[in-house]
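Given next are the chains, with one letter for each unit.
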Amino acid sequence: MSDMKNRVWLFVFLFSATMALGSRAAAQDTSIEFVAHATPSGGLEEPVRGFPFFLLSRSFVEIGKEAEAAYPKPDMDAFIAKLDVSPELKAWMKKNDWVMLAGEDFIHKLHPDDILAVPEFKTAYMDRNSGDQSADFPKPPKFKASDQAKNPAKFDKLAADYVETIRRYIGQHPQSIDGIDLNLASIDPSPRWNAILGARITAIHSRTLDFAQSTYLVARAVTNLQGQGFMRGLAPGTYWLSTLDIPATVGDARPRWDIPVVLRAGETKYITLSNSNSIRPQASQ
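Counting restarts for each chain: residues are numbered from 1 in the order of the written sequence. Two thresholds apply to this predicted model, a pLDDT of at least 70 for residue-level local features and 80 or more for giving and counting side-chain atom pairs, whereas whole-chain, interface and lining totals are computed over all residues. Note: side-chain values were computed over all heavy atoms of the structure, leaving out hydrogens and water.

Chemist: Lay out the sheet that holds strand S3 (residues 52-56) in plain terms, naming residues and giving numbers.
Modeler: Here a strand pair is declared whenever DSSP counts at least two bridges between the two strands. Comment: elements are numbered from the N terminus, with helices defined as DSSP H or I runs of at least four residues and strands as E runs of at least two. Spatial ordering of the open sheet is given by S4-S3-S6-S7, a layout of four strands whose pairing is antiparallel. Across the chains shown, the open sheet's two edge strands, defined by having one partner strand only, are strand S4 (217-222) and strand S7 (258-263). Strand-to-strand twist of the sheet, defined as the mean angle between neighbouring strand axes without regard to direction, takes the value 25°. Axes here mean lines fitted to C-alpha atoms, for a helix over just the part in contact, with angles spanning 0 to 180 degrees between N-to-C directions.

Chemist: So what's going on with the packing of aromatic side chains? Residues and values would help.
Modeler: For Phe, Tyr and Trp, rings pair up if their centres lie within 6.5 Å, where Trp contributes its six-membered ring, and each pair is then called stacked (planes under 30 degrees apart), edge-to-face (over 60) or tilted (otherwise). This structure, assessed with the given rule, holds ten aromatic pairs. Taking the centre distance of 5.9 Å and the plane angle of 85° together, the rings of Trp 92 and Phe 106 count as edge-to-face. Of this pair, Trp 92 sits in helix H4 (residues 87-96) while Phe 106 sits in helix H5 (residues 104-109), and the two are 14 residues apart along the sequence. Like Phe 106, Trp 92 is buried. Throughout this description, buried means an accessible area under 20% of the type-specific maximum (1.4 Å probe, protein chains only), exposed means over 50%, and partly exposed covers the range between.

Chemist: Which residues make up the side chain of Ser 31, and what values go with them?
Modeler: Within the element layout of this structure, Ser 31 appears in strand S1 (residues 31-38). What makes two residues a contact is simply this: any of their non-hydrogen atoms within 4.5 Å. Not counting residues up to four positions away in its chain, the partners in contact with Ser 31 are Met 231, Arg 232, Leu 234, Leu 263, Glu 267, Thr 268 and Lys 269.

Chemist: With reference to specific residues and values, describe the nonpolar core.
Modeler: We call a set of buried Ala, Val, Leu, Ile, Met, Phe, Trp, Tyr and Cys residues a nonpolar core when their side-chain atoms join them within 4.5 Å. By size, the foremost hydrophobic cluster in this structure holds 30 residues, and its most contacted members are Trp 92, Phe 106, Leu 110, Phe 121 and Tyr 125. Every element with two or more residues in this core is listed here: helix H3 (76-81), H4, H5, helix H6 (112-117), helix H7 (119-130) and helix H9 (152-172). When sequence neighbours within four positions are dropped, the list of residues in contact with Tyr 125 reads Ile 115, Phe 137, Ile 166, Tyr 169, Ile 170, Ser 176, Ile 177 and Ile 180. Counting residues in each nonpolar core, the second largest holds 23 residues, with Val 48, Met 231, Trp 257 and Ile 271 among its members.

Structure follows, in structure tokens:
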């Protein structure tokens, strides 16, 4: 009876060992063979030669999102609050979610009420227009400094009337706003804000590449002269065949790839990469 039990246990052991060896062998036989071609505009399809490809356990796009989560977006309102400008200008920036005081987009955001309510805008506008003798720009009322003390009510009315005259003039001559950004260059905070945004983008990019080439890297291959690459001895699972954020340059073609790949035990997956399954470049904002 004891011999029978020993034979049974021996059979179970040998069967388990055989299955385990078979599984490991199948995993070792699991591989990817791919070929990458790119087609420039007006040209013929060419192999992507000597180019690195990475097999990742997560999509490069998702890796980028993970890296981005570690660097929250800068708080524009907090940035604006620390600026050395008038409260009115700070309020305008917060209302418009905007800190750039230059360019056509900025000019298009300005309305007569904005120009007259924000001291910096009003000064820039007046400096830009009042010195142009050829234009029919309203002349300010004439009064002496002593007139304000003698008759403050009259002085205030003259000043208010002149503001309304300027308001009407801006409405009738919107082109008179053009160019006032030149007079705001010294207080424009957008270069500092852009530097903050740029530093964040650089940090996210660096962290994404670090993750992709360490935490999520499974295998790496460089294409041969025919654009072929091979990755062998892989475990079954879902992967992404990626060029990270590096475009393959073939003429004027700049394709990148981040292709999902599902591998089964013992399978050799054949993949063809071309312009048609590359990542489409995002349109300019």
